[in-house]
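# Observations on chain architecture
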Amino acid sequence: MKSDPPSSKFQPPLDILPPTLVAHFRRVYRIRELLPWQSECLSALRETIEGSSENIVIRAPTGAGKSLVSDLLSIYYLAVKRVGTKVVYVVPYVSLLSEKHEKLEILFSPLTLSVLSLLGNKPYNLFDKADIILCTIEKASQLIYGLIETCELSKISMVVIDEVQFVGDEQRGSLLETLIAKILYCQQFMNNEIQILAISATIDNFFDFVKWMRAKHYECTEFYTDIKEFIKIENKLISPSGQVLETIKEQSNDKYKICALVDLVLSRGPILAFSPSKAICEELATILSTHRTINVITSEFIKTGIEKAELVEERMTNKVGWLMKGIACHHAGLLAGERLFIEDLYRSLAINTLICTSTLAAGVNLPANIVIIVGLKQGTSQVSVSMYKQMRGRAGRVTFKGECYILCKQAEQKQVLNLSLIHISEPTRPY
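In short, a report on the structure. (Residues numbered from 1 in each chain as written. Predicted model: local features only at pLDDT ≥ 70, side-chain atom pairs only at ≥ 80, totals over all residues. Heavy atoms only, no water.)

Regarding its fold elements, the chain presents 15 helices and 17 strands. The contacts of the chain with a sequence gap of at least 6 include a subset with a gap of at least 24, amounting to 75%. (Helix = DSSP H or I, 4+ residues; strand = E, 2+ residues; numbered from the N terminus. Contact = heavy atoms within 4.5 Å.)

Structure below.
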């Protein structure tokens with residue numbers, strides 16, 4: 001969908017928000033104006049945004065600024081279009097909730113609207129006391145089903161589904177698909193005006209999905225990040241075309257062939273290393289830590305942080321040695337406090353190498369200059385094109401460039417290329 005660029009100073013729907021909210025939104029997001037695709041998207045969909053309850057599907061590359069658009073529409077609905085209703089924000093992982101909660105509390109503070117994260121055993125009757133409800137796919141399903149049964153679905157004006165490509169997930173996709181189908185049924189046969197905003201960077205069969213959703217759509221095809229991509233096979237760094245760019249001297253006792261690469265690229269910024277499993281995450285942290293010395297300044301900072309965060313000392317025993325050398329793990333086995341502590345350390349650059357599972361590929365705002373993908377499996381599944389795009393998208397943001405490396409065996413090189421995992425223009429030697 002294309003349209004002429006807006007002529008107003010504030011691109012729609014910014015120009016129809018109260019001026020104080022416009023200024024506040026710009027301060028929270030630290031922007032002076034929208035990116036061209038964001039402006040074009042909101043202009044193209046303006047009629048739907050302002051005048052109808054049709055669903056909306058937006059696809060844009062990782063790092064392009066999709067969250068800004070969804071947050072902008074949320075504040076518009078609650079402050080202007082559907083005052084007195086609620087917005088439900090659905091994310092795939094619990095790890096995304098706390099970060100989103102904090103951001104939305106700041107965003108909605110001028111409107112004195114309350115934000116609720118449905119976690120653990122929190123009672124659903126808290127729903128009535130909140131204006132913005134954050135939840136996982138599972139919690140959203142329970143919430144929506146309950147509201148349908150009590151004929152209270154009209155209390156919700158919009159359901160934002162972040163990372164909607166999870167509709168194709170082998171394990172949880174059917175649950176998300178059923179949730180969407182229930183809402184579509186209520187729209188069609190119960191005249192309910194609840195609206196779905198679905199956003200994704202990598203959803204497959206995009207136009208079929210849009211048709212099923214009976215939605216208006218916008219697709220951004222521009223890349224706002226410059227990411228160079230490489231394959232590392234054993235000790236050779238290879239371009240997507242198969243050209244050997246560099247031979248790297250590997251370190252002993254490194255069965256994953258990662259230490260020398262990390263040493264090579266570490267000076268260029270923070271590293272996210274995607275591991276196939278939680279166990280391998282911790283194994284990689286141990287291997288990397290044996291080749292580093294303790295940073296005295298970082299060490300004291302981390303010791304103080306652990307005390308202030310009141311983390312369980314016994315659980316942190318194995319992790320402290322890694323942290324003091326600038327290394328940490330991020331996976332589903334962490335407690336909430338541990339996860340937040342590690343994320344804060346990474347953002348403050350107290351740690352520069354974060355080893356994680358693929359859950360970190362979806363949405364958490366922990367961008368890196370360097371992404372390393374260890375092997376072609378995540379869990380028990382092969383890395384798909386969609387998952388690869390999510391992981392590589394962590395490298396770089398609008399403000400800085402990135403590099404992505406896939407570590408694989410010689411026998412897997414053809415598989416990498418046949419899967420079209422490496423798809424961006426041919427990179428040159430990175431150093």
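Having put the structure on the table, let's press on.
To continue, consider the sheet that holds strand 1 (residues 55-59). What the seven strands build is an open sheet, ordered 3-4-2-5-6-1-7; its pairing is parallel. Looking at strand neighbours, the two that pair on one side only are strand 3 (115-117) and strand 7 (215-219), the edges of this open sheet. Between one strand axis and the next, the sheet turns through 15 degrees on average, direction left out of account. For strand 2 (residues 86-91) and strand 5 (residues 156-162), the ladder comprises five bridges, and the chain directions are parallel. If you follow Y89 over to strand 5, its bridge partner there is V160. Sitting on the sheet, helix 6 (residues 137-149) touches strand 2, strand 4 (132-136) and strand 5, and the angle it makes with strand 4 is about 125 degrees. Set on the sheet, helix 8 (residues 206-213) makes contact with strand 1, strand 6 (195-200) and strand 7; between it and strand 7 the angle comes to about 155 degrees. (Pairing = 2+ DSSP bridges. Axes fitted to C-alpha atoms, helices over the stretch in contact; angles between N-to-C directions.)

Another point: helix 8. Regarding helix 8, the residues found buried are F206, F209, V210 and M213. Down the axis of helix 8, the sector holding all buried residues measures 100 degrees, keeping them to one side. Opposite the buried face of helix 8, at more than 90 degrees from it, the exposed residues are F207, D208 and K211. Buried residues belonging to helix 8 abut strand 1, helix 7 (173-189), strand 6 and strand 7. A positive phi of about 50 degrees marks R214, the residue just after helix 8. (Buried < 20%, exposed > 50% of the residue type's maximum accessible area, 1.4 Å probe, protein only. Arc of directions from axis to C-beta.)

Topologically, S200 is positioned in strand 6. On the basis of relative accessibility, which here comes to 1%, the residue S200 falls in the buried class. A polar atom in the side chain of S200 sits 2.7 Å from the side chain of Q165. With sequence-adjacent residues up to four places away left out, S200 is seen in contact with I58, R59, A60, K66, V164 and Q165. (Polar contact = N/O pair within 3.5 Å; in protein donor to acceptor, adjacent residues only side chain to side chain.)

Per the counting criterion, the structure on display carries twelve salt bridges. In this structure, E219 and R59 form a salt bridge, with 2.3 Å as the shortest nitrogen-oxygen distance. Residue E219 is found in strand 7, and its partner R59 is found in strand 1; the two are separated by 160 residues along the sequence. Taking the relative accessible area as the measure of exposure, E219 reaches 25% and is therefore partly exposed. Exposure remark for R59: the relative accessible area of 18% places this residue in the buried category. When the shortest N-O distance is used, the salt bridge between E250 and K232 registers 2.6 Å. Note that E250 is positioned in the loop between strand 10 (244-247) and helix 9 (259-265) and K232 in strand 8 (residues 227-233), a separation of 18 residues in sequence. The two residues E250 and K232 agree in class, both being buried. Several salt bridges share partner residues, and in doing so they unite E99, D344 and R347 into one network. (Salt bridge = Lys/Arg side-chain N within 4 Å of Asp/Glu carboxyl O.)

To continue, consider the layout of surface pockets. Here the second largest pocket defines a volume of roughly 1,300 Å³. In this structure, the second largest pocket is lined by 42 residues; those nearest its centre are Y93, F166, D169, E170 and M387. The set of elements that each furnish at least two residues to the lining of the second largest pocket consists of helix 8, strand 16 (381-382) and helix 14 (385-392). Tallied by class, the residues present in the lining of the second largest pocket amount to 14 nonpolar, 20 polar and eight charged. (1 Å grid on protein atoms, 1.4 Å probe; cavity = no way out; pocket = protein on both sides within 12 Å on 5 of 7 lines; lining within 4 Å. Points joined across faces, edges and corners; volume = space filled by probe spheres on them. Nonpolar A, V, L, I, M, F, W, Y, C, P; charged D, E, K, R; others polar.)

Moving on: the nonpolar core. Most often, soluble globular proteins have nonpolar side chains that are buried together. One finds W37, I58, I156, V159, L176, I180 and F209 to be the most contacted residues of the largest nonpolar core, which totals 81 residues. The biggest single contributor to this core is helix 4 (residues 66-81), with eight residues. Not counting residues up to four positions away in its chain, the partners in contact with I180 are I161, V164, I196, F209, W212 and M213. Formed by 36 residues, the second largest nonpolar core is a distinct cluster that contains I227, F274, A368 and V371. (Core = buried A, V, L, I, M, F, W, Y, C linked by side-chain atoms within 4.5 Å.)

Right, let's talk about the packing of helix 1 (residues 19-29) against helix 4 for a bit. It is the contact of helix 1 with helix 4, at a shortest axis distance of 12 Å, that shows an interaxial angle of 155 degrees. Taken as axis vectors, helix 1 and helix 4 run roughly antiparallel relative to one another. The two elements helix 1 and helix 4 cross, and the hand of that crossing is right-handed. Note on element contacts: helix 4 touches helix 1 through S67, L68, D71, L72, I75 and A79, opposite L21, F25 and Y29. Classifying every residue of the contact of helix 1 with helix 4 by side-chain character gives seven nonpolar, one polar and one charged. (Parallel < 35°, antiparallel > 145°, perpendicular 65-115°, else oblique. Left-handed = near helix turned anticlockwise from the far one by under 90°.)

With that settled, consider helix 1. Turning to helix 1, its buried residues number three or more, namely L21, V22, H24, F25, V28 and Y29. Around the axis of helix 1, the buried residues are gathered within 165 degrees of arc, so they sit on the same side. Of the exposed residues in helix 1, the ones pointing more than 90 degrees away from its buried face are P19, T20 and R27. The inward-facing, buried residues of helix 1 contact helix 4 and helix 5 (97-107). Looking one or two residues beyond helix 1, the residue adopting positive phi is R30, at roughly 55 degrees.

Moving on: the side chain of S358. Positionally, S358 belongs in the loop between strand 13 (353-356) and strand 14 (370-374). The class of S358 is buried, set by a relative accessible area of 14%. If we skip the residues at most four places from it in the chain, S358 touches F274, Q378 and M387.

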